[in-house]
Amino acid sequence: MSDTELHSGTARVQHLSATTLAKGLRTRDFRSEFKKELLNTVVHGQHAVFEKLVKTVGALSSDDSLMDVICAAVRKDCDAAIHKLLALAAEADEGRKDAEADKGRKEAKMYAPLNKIMEGVERALAQPHLDLPRKCFRRPVLTSSHSLAKEATSYGVEQKPDFVIVEVPPPTHGKLHKPVTGDYATWSRCPSFIEVKAKTGDIPRNRRSNNATGTLTQAADYARVIMITRPFQLYVYGLLFCGHSFVLALFDRRGVVVSKDYSIKSPEGLKNLICVLVRLLWDASPEELGHDPTVSLVQNHSYCQDYAKQYPRFQFSMWSDTRSWTTFGPPIWTYPSLLGRGTSVWRTFGGPDGRAMVVKMAWRTENRMSESDIYQEIARIYNSRLDELPRGMAQFYEGRDVMYLGERISVYRLREPVDPYGPHKVGDEPAPRGFSAHLRVSQDEPNAFLHRVTFADTGKPLWEYTSISQFAKVLYMVICAHQDLCEHGIIHRDISVGNVLIRTDVSITTNAAGEQTVTVTDREPPEGFLTDFELAKIATTYPPTKVRACSPVLQRNLVMTYS
C-alpha cells in the first residue's frame, strides 16, 4: 500500500463520525435518531430553570422594580413589534396544518419584530439616567438563512438556528454595540441561541412525558454543537419562542430541563421574556451561562478572536490548590454528542514545574470507578509483579474530581436554581444542600461529576501522522502495550482512533515582548500511547506467567516493512 493510499484511508477513519454527523444533520434521519437518544432525559414544566438564570443574586433581572422600569420602556419603544408578533401568532394558530414551506414563511415573518424587541431591551438598559453596568457584550444574530461558519472544531456540521447569541468585543464608546452581520457568527462565539416557531402549539410543554418533542430535539442539536465548539461549556441555555409563548431550556450531559411556558400576551409573560433577554445580552457572566467556573481565558485572549489565526488559550485550576494549567492550541479531541461523558483532551503547560502535559476532562458517573483510580490500580498491579508499565500507554500524573468553592462540580448541582455553589438559606437558616428532586427524571438516575486527569505526556492525534513508517511504529507500540495490559488482566474496552496519540516533545519560548511561541516536534524513533482507560475492566486475579513479547509477526509486518 502506498503512503498516499494509507493516508487517505486514515483520513476516512478520522472523519468517519464527523462526516456521518455532518451528513445526518442535513437530513431528518439524524434528528429522528437523536430524538430516540433523548428518550427519558427531559424534565418539563420547571420554573426553577427560569429562576436559575433570572433570579441570580446581583443580577439586574432580580430587581423587580428595575425590571418594571425596563419593561415600561420596552413596551413604549416596541409596541408595534409586540402587537405584530401577537398577530402573526394568532394567524398561525388559527390556520390549518401547514406544509414545511408555509411554516418557514410564517416563522420568517416573526424574525423582524422579535429582533426589534431585543434591540429595544438593549436601548432600555442603556438609558443614561439609569447608569446600569454592562457585565458582558453579546448580540443576537439572525442566522436562519445560512449555516454558521465552519470551524476546525465543529466537525463540519451545517446548522441554522434562527438566532444565535454571540460574544462581541466592547464598543469603543458607550454601551451599545453596532449590529453584527451573519458572517461574524461562529459556533465558538455562541454561548446560547433562540429558536422560533410560528405556532404556539409547537412549544414543548408535555409534563407527563420525559421525552423530547420535535422542537426540543432541534434545540438540543444546537446545544450539542455549542458544546463541541466550546468544550468548557458545562451546560447551555436555549430560548424557544413558539407563537405567543416561550420556554427556557437548559441542556446538559444528562438531558434537558425545560421551564414552564410563558405567554407574552400577559404583562407578566412579557416581563419574563425581557428578563431572559437582559441576562443573555447584557448581564450574565460566562459562568452564569454555563461556562466552567474553574476555567478562564488567558489575558489578551477572548472568544471574539479569529480562531483561524489563533485558538484562544485557557487557564484552569485542577483542585483546591494554587496550581494551574494553560492550554495551547485547539483540543486534541472533543466529544461529538450531547449526552454522556463530554470528553475533551488538551495540550497544556502546568503543574509544579510548568511541564508540557496532556489533560483530559470528562463527566464520570458517580457509581463508576474514576479513571484516575483505574490508572493507579494498573500501576499497583504492575508494581506488585515488579514489572514496568508499558511505554505504549499514557503516563498518568494525577487526577481527581474537579472542585469549586469546596464542592465537586456535578450535573445535578449545576441544575440547582439560583447559585448552585453560593449560600443557600431558608429564612435565616442554611437550607439542605440536597439536589432538587423535581430536576431529575428519576431519583434512581446517578449523578455525574466533572473529572480531570493529567498525563506526563504530550501527543497529537493519530491522524496527524507524517509518514507511513511513523504510523506503523506508533500502532506497533500501542498494540504491544495492549497485549501487555491484557496479560496483566486489564482490558481497555474502548480503543478507537481518538484514543491513540503520537508522542511528541513540546517547548515554549518567550520573546522580549512577552509573546510565547510553542514548538511541537515528533519523537524519533516514533512512539505512540494509548489513552482513555475510563471503561477499562480489571481482573480480580492476574495471570502468574511472565508477559510474552509482542508478536514477531506484528513486528515483522508493521515495522520491518516500513522501516
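In this text, all values refer to a predicted model and were calculated from it rather than measured experimentally. In every chain, residue numbers begin from 1 and rise along the written sequence. Selection of residues for local features in this predicted model requires a pLDDT of at least 70, selection of side-chain atom pairs for listing and counting requires 80 or more, and totals for whole chains, interfaces and linings are taken over all residues. Where side-chain values are given, they derive from all heavy atoms of the structure, hydrogens and water being excluded.

Novice: Is there a simple way to think about the overall build of the chain in this case?
Specialist: If you tally the helices and strands in the chain, you get 13 helices and 26 strands. Scored against the burial criterion, the 563 residues of the chain give a buried share of 55%. In what follows, a contact means two residues having at least one pair of non-hydrogen atoms within 4.5 Å. Contacts in the chain between residues far apart in sequence, at least 24 positions, make up 73% of those at least 6 positions apart. Using a 1.4 Å probe, accessible areas were evaluated by the Shrake-Rupley method; residue-level cover was limited to the displayed protein chains. In the form shown here, the chain has an accessible surface area of approximately 24,400 Å², with 53% of it arising from carbon and sulfur atoms. Here a strand is any run of E in DSSP of at least two residues, a helix any run of H or I of at least four, and the numbering for each starts at the N terminus. To sort residues, take the accessible area from a 1.4 Å probe on protein chains only and compare it with the maximum for the residue type: under 20% means buried, over 50% means exposed, and anything in between is partly exposed.

Novice: Explain the packing of aromatic side chains here, please?
Specialist: Pairing of aromatic side chains here covers Phe, Tyr and the six-membered ring of Trp, requires ring centres within 6.5 Å, and sorts the geometry by plane angle: under 30 degrees stacked, over 60 edge-to-face, intermediate tilted. Counting across every chain of the model gives 19 aromatic pairs. Seen from their ring centres, Phe232 and Trp346 are 4.7 Å apart, and the 15° between their planes marks the pair as stacked. Here the residue Phe232 occupies a position in the loop between α8 (214–229) and β5 (236–242), and Trp346 occupies one in strand β13 (residues 344–350), the gap between them amounting to 114 residues. Exposure class is identical for Phe232 and Trp346. Each is buried. The rings of Phe232, Tyr303, Tyr307, Tyr311, Phe314, Phe316 and Trp346 are connected pair by pair, giving a single aromatic cluster.

Novice: For this particular structure, what's the right way to read the pairing of strand β2 (residues 138–142)?
Specialist: In terms of residue burial, β2 counts as a mostly covered element, since 4 of its 5 residues are buried. Relative to strand β3 (residues 163–167), β2 is paired through 5 bridges, and the arrangement is antiparallel. The residue of β3 that forms the bridge with Arg139 is Val166. Strands are treated as partners if at least two bridges between them are detected by DSSP.

Novice: How should I be thinking about the environment of Met403 in this particular structure?
Specialist: By secondary structure assignment, the location of Met403 is in strand β16 (residues 403–404). C-alpha separation for the pair Met403 and Ser317, spaced 86 residues apart in sequence, amounts to 9.0 Å.

Novice: Just to check I follow, could you spell out the packing of helix α4 (residues 47–54) against helix α9 (residues 267–283) for this structure?
Specialist: Helix-helix packing: each pair is described by the crossing angle between the helix axes and the interaxial distance. Lines fitted to the C-alpha atoms define the axes, with helices restricted to the stretch that makes contact. Angles between their N-to-C directions range from 0 to 180 degrees. Where α4 meets α9, the axes come as close as 9 Å, and the angle between the chain directions of the two elements is 45°. What the angle tells us is that α4 and α9 run oblique. Relative to α9, α4 is oriented so that their crossing is left-handed. Between α4 and α9, the contacting residues are Phe50, Leu53 and Val54 on the first element and Asn272, Cys275, Val276, Arg279 and Leu280 on the second. All residues other than Ala, Val, Leu, Ile, Met, Phe, Trp, Tyr, Cys, Pro, Asp, Glu, Lys and Arg, Gly among them, are scored as polar; the first ten of these are nonpolar and the last four charged. Considering only residue class, the contact of α4 with α9 consists of 6 nonpolar, 1 polar and 1 charged. Here the word oblique covers every angle except those under 35 degrees (roughly parallel), over 145 (roughly antiparallel) and from 65 to 115 (roughly perpendicular). In this scheme the handedness of a crossing depends on how the near helix is turned from the far one: anticlockwise by less than a right angle means left-handed, clockwise means right-handed.

Novice: What is the right way to look at unusual backbone geometry in this model?
Specialist: One can expect most non-glycine residues to show negative phi and most peptide bonds to be in trans. In the segment running from Glu524 into Pro525, the intervening peptide bond is cis, with an omega of -5°. In this structure, Pro525 sits in the loop between β24 (516–522) and β25 (528–530). Backbone geometry at Leu405 places phi at a positive 50°, although glycine is not the residue there. By the secondary structure assignment, Leu405 is in the loop between β16 and β17 (407–408). For Leu405, a relative accessible area of 59% gives the class exposed.

Novice: Even after reading the chapter, I still don't get the side chain of Asn272, so can you show me in this structure?
Specialist: Considering the arrangement of structural elements, one finds Asn272 in helix α9. Contacts of Asn272, omitting those with residues within four sequence positions, involve Phe50, Phe246 and Tyr262.

Novice: It is not clear to me how the confidence of the model for the chain should be interpreted in this structure. Could you clarify?
Specialist: The predicted structure's coordinates, where accompanied by low pLDDT, should not be read in detail. By definition, pLDDT measures how confident the predictor is in each residue, and it falls between 0 and 100. Here the chain averages 85 in pLDDT, while 83% of its residues score no lower than 70. Counting contacts from residues 1–27, a segment whose pLDDT is below 50, to residues more than four positions away or on other chains yields 30 contacts. Here residues 424–433 scores under 50 on pLDDT; set against residues more than four positions off or in separate chains, the count is 14 contacts.

Novice: Please clarify how the pattern of salt bridges should be interpreted in this entry.
Specialist: When the charged atoms of two side chains with opposite charge come close together, those side chains can pair. Counted as salt bridges are all cases of a side-chain nitrogen of Lys or Arg within 4 Å of a carboxyl oxygen of Asp or Glu. A full pass over the atoms with the stated rule returns 36 salt bridges. Taking the shortest distance from any N to any O, the salt bridge between Asp532 and Arg341 comes out at 3.3 Å. Here Asp532, found in the loop between β25 and β26 (537–538), pairs with Arg341, found in the loop between β12 (333–334) and β13; they are 191 residues apart in sequence, far enough to count as distant. We classify Asp532 as buried; its relative accessible area is 7%. One salt bridge connects Glu527 with Arg523, and the closest N-O pair in it is separated by 3.5 Å. By relative accessible area, Glu527 is classed as buried at 15%. Given the relative accessible area of 22%, Arg523 is considered partly exposed. Residues participating in the shared-partner salt-bridge network are Arg341, Lys360, Glu371, Asp494, Asp532 and Glu534.

Novice: Where do I start with α4 in this structure?
Specialist: Since the α-helix advances by 3.6 residues per turn, residues separated by three or four positions end up pointing in the same direction. Of all the 8 residues making up α4, 6 are buried; the element is thus mostly covered by neighbouring parts of the structure. Burial in α4 covers these residues: Ala48, Val49, Phe50, Lys52, Leu53 and Val54. Tucked into the core, α4 has its buried residues touching β5, β6 (245–252), β7 (255–258), β8 (262–263), α9 and α11 (411–414).

Novice: Sorry if this is basic, but what is going on with the pairing of strand β4 (residues 192–197) here?
Specialist: Side-chain direction in a regular strand flips from residue to residue, so the side chains alternate between the two faces of the sheet. The element β4 is extensively covered by neighbouring structure, given that 6 of its 6 residues are classed as buried. Covered by surrounding structure in β4 are Ser192, Ile194 and Val196 together with Phe193, Glu195 and Lys197, the residues of both alternating faces. In this structure, β3 lies alongside β4, joined through 3 bridges in antiparallel fashion. In the strand pairing of β4, Ile165 is matched with Ser192. Pairing of β4 with β5 involves 6 bridges; the strand directions are parallel. Looking across to β5, one finds that Val196 is bridged to Phe241.

Novice: Whenever I open this one, empty space enclosed by the protein confuses me. Can you help?
Specialist: Gaps between atoms show up when a probe of the same size as a water molecule is rolled over them. Cavity: a set of points on a 1 Å grid over the protein atoms alone where a 1.4 Å probe fits but cannot get out. Pocket: an open set with protein on both sides within 12 Å along at least five of seven lines, its lining residues, like those of a cavity, having an atom within 4 Å of a point. Grid points are joined across faces, edges and corners, and a volume is the space filled by probe spheres set on the points. Enumeration according to the criterion identifies 6 cavities of 30 Å³ or more in this entry. The volume enclosed by the largest cavity comes to roughly 100 Å³. Pro231, Phe232, Gln233, Leu234, Arg253, Asp292, Gly342, Ser344, Met361, Ala362, Trp363 and Leu450 are the residues that line the largest cavity. Looking at the lining of the largest cavity, its residues break down into 7 nonpolar, 3 polar and 2 charged. Taken as a whole, the second largest cavity spans an internal volume of roughly 90 Å³. In terms of lining, the second largest cavity is formed by Trp333, Thr343, Val345, Val358, Lys360, Phe455, Gly498, Asn499, Leu501, Thr531 and Asp532.

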